[in-house]
Amino acid sequence: MKTDREILELRALGKKEEALRAIVESYSERLYFLIRRFGLPHDDADDILQDIYIKVWSSLDSFRGDSGLYTWLYRIANNEVLSNLRKARVKAFLGGERLENRLNNVIDEDPGFNGTKLQRELQKAINTLPPKQKQVFIFRYFDELPYEDISRITGTSVGSLKASYHHAYTKICEILENNF
């Protein structure tokens with residue numbers, strides 16, 4: 001795998017295809033699991049990942065380097081996931097269902113989910129969170145990103161992120177305490 005610096009050097013040398021291949025090689029697993037943590041099924045995660053790489057390809061030349069490469073990629077991924085969740089929410093609503101229930105069914109029926117009962121319940125608790133709280137919780141808890149990076153990814157102030165994380169953490173703890 002190439003470092004971010006090597007990837008950006010490839011792009012600067014006009015080797016856009018090689019740079020994209022290196023991004024895919026270096027970031028696919030992380031981005032895939034980021035998408036899955038939002039509760040989306042495997043097939044949707046694969047489709048979203050492809051959409052992310054299409055956006056990366058089309059905007060790679062305009063990447064200015066004001067932030068780290070991973071921050072830029074996470075921002076694109078975050079926007080794609082939120083867009084897909086909005087569409088899924090509308091579909092669920094039109095089908096007379098709540099998105100939370102649909103996502104929880106994905107967890108229960110996913111043969112690829114090999115977590116413990118606690119991990120399953122944690123994911124279900126995350127599904128109850130509003131989108132902003134879900135975002136910050138996933139980025140902070142699973143990816144251990146600093147608030148400053150999350151701020152760059154989401155365009156939200158550090159103070160708001162800290163408050164959102166605290167509310168998310170409190171809600172999740174309450175849900176887990178009630179279930180165990």
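Our subject is the structure that appears above.
Notes on the structure follow. If you're wondering where the values come from, they're calculated on a predicted model, not measured in any experiment. (Residues numbered from 1 in each chain as written. Predicted model: local features only at pLDDT ≥ 70, side-chain atom pairs only at ≥ 80, totals over all residues. Heavy atoms only, no water.)

## What to know about helix H3 (residues 42-59)
Moving on, step 1. In this model, H3 (18 residues) spans 26 Å end to end at C-alpha, consistent with the 26 Å of a helix rising 1.5 Å per residue.
Moving on, step 2. Regarding H3, the residues found buried are Ala45, Ile48, Leu49, Ile52, Tyr53 and Val56. Viewed end-on, H3 has its buried residues packed into an arc of 145 degrees, placing them on one side of the element. Set apart from the buried face of H3 by more than 90 degrees, the exposed residues are Asp43, Gln50, Ile54 and Ser58. (Helix = DSSP H or I, 4+ residues; strand = E, 2+ residues; numbered from the N terminus. Expected span 1.5 Å × (residues − 1). Buried < 20%, exposed > 50% of the residue type's maximum accessible area, 1.4 Å probe, protein only. Arc of directions from axis to C-beta.)

## Side note on unusual backbone geometry
Moving on, step 1. One non-glycine residue with positive phi stands out, namely Glu144, at about 55 degrees.
Moving on, step 2. Note on placement: Glu144 falls in the loop between helix H7 (131-142) and helix H8 (147-154).

## So, the nonpolar core
Moving on, step 1. One finds Ile23, Leu31 and Ile52 to be the most contacted residues of the largest nonpolar core, which totals 51 residues.
Moving on, step 2. The dominant element in this core, judged by the number of residues it contributes, is helix H4 (residues 69-94), at 11 residues.
Moving on, step 3. Non-local contacts of Ile52, meaning those with residues more than four positions away in its chain, are made with Leu31, Ile35, Ile76, Ala77 and Glu80. (Core = buried A, V, L, I, M, F, W, Y, C linked by side-chain atoms within 4.5 Å. Contact = heavy atoms within 4.5 Å.)

## Description of H7
Moving on, step 1. Helix length check: H7, at 12 residues, gives a terminal C-alpha distance of 16 Å against a target of 16 Å (1.5 Å per residue), a fit within 8%.
Moving on, step 2. Of all the residues in H7, the buried ones are Gln133, Lys134, Gln135, Val136, Phe137, Ile138 and Phe139.
Moving on, step 3. Against helix H2 (16-37), H4, helix H5 (99-109), helix H6 (117-127), H8 and helix H9 (158-179) lie the buried residues of H7.
Moving on, step 4. Two residues or fewer after H7 comes Glu144, characterised by a positive phi angle close to 55 degrees.

## Side note on a nonpolar patch on the surface
Moving on, step 1. Taken together, the side chains of Val90, Phe93 and Leu94 make up a nonpolar region of the molecular surface, amounting to roughly 380 Å² of accessible area.
Moving on, step 2. You can see Leu94 is positioned in helix H4.
Moving on, step 3. Given a relative accessible area of 69%, Leu94 falls into the exposed group. (Patch = residues over 30% accessible without salt bridge, like charges linked within 9 Å, V, L, I, M, F, W, Y side chains within 5 Å. Areas by Shrake-Rupley, 256 points an atom, 1.4 Å probe, with all protein chains shown as cover. Salt bridge = Lys/Arg side-chain N within 4 Å of Asp/Glu carboxyl O.)

## A look at the pattern of salt bridges
Moving on, step 1. Enumeration according to the criterion identifies five salt bridges in this entry.
Moving on, step 2. One salt bridge connects Lys55 with Glu80, and the closest N-O pair in it is separated by 3.0 Å. Taken as a pair, Lys55 in helix H3 and Glu80 in helix H4 lie far apart in primary sequence, 25 residues in all.
Moving on, step 3. For Lys55, a relative accessible area of 39% puts it in the partly exposed group.

## Describing the packing of aromatic side chains
Moving on, step 1. Enumeration over the complete set of coordinates arrives at 10 aromatic pairs.
Moving on, step 2. Arranged with centres 4.8 Å apart and planes meeting at 45 degrees, the rings of Phe63 and Trp72 form a pair that is tilted.
Moving on, step 3. Between Phe137 and Tyr165 the ring centres are 5.6 Å apart and the planes differ by 15 degrees, which places this aromatic pair in the stacked class. Placement of Phe137 in helix H7 and of Tyr165 in helix H9 is noted, with a sequence separation of 28 residues between them.
Moving on, step 4. Residue Phe137 is classed as buried on the basis of its relative accessible area of 2%.
Moving on, step 5. The exposure class of Tyr165 is buried, given its relative accessible area of 16%.
Moving on, step 6. Taken together, the aromatic side chains of Phe137, Tyr141, Phe142, Tyr147, Tyr165 and Tyr169 make up a single cluster linked through ring pairs. (Phe/Tyr/Trp six-rings, centres within 6.5 Å; stacked < 30°, edge-to-face > 60°.)

## Side note on the packing of helix H1 (residues 4-12) against H2
Moving on, step 1. Between H1 and H2, the shortest axis-to-axis distance is 8 Å and the interhelical angle comes to 160 degrees. Between H1 and H2, the angle falls in the class roughly antiparallel. Taken as a pair, H1 and H2 cross one another with a handedness that is left-handed. Touching Asp4, Ile7, Leu10 and Arg11 of H1 are Glu18, Ala19, Ala22, Ile23, Ser26 and Tyr27, all from H2.
Moving on, step 2. Tallied by class, the residues present in the contact of H1 with H2 amount to six nonpolar, one polar and three charged. (Axes fitted to C-alpha atoms, helices over the stretch in contact; angles between N-to-C directions. Parallel < 35°, antiparallel > 145°, perpendicular 65-115°, else oblique. Left-handed = near helix turned anticlockwise from the far one by under 90°. Nonpolar A, V, L, I, M, F, W, Y, C, P; charged D, E, K, R; others polar.)

By themselves, these observations are geometric and do not establish any function.
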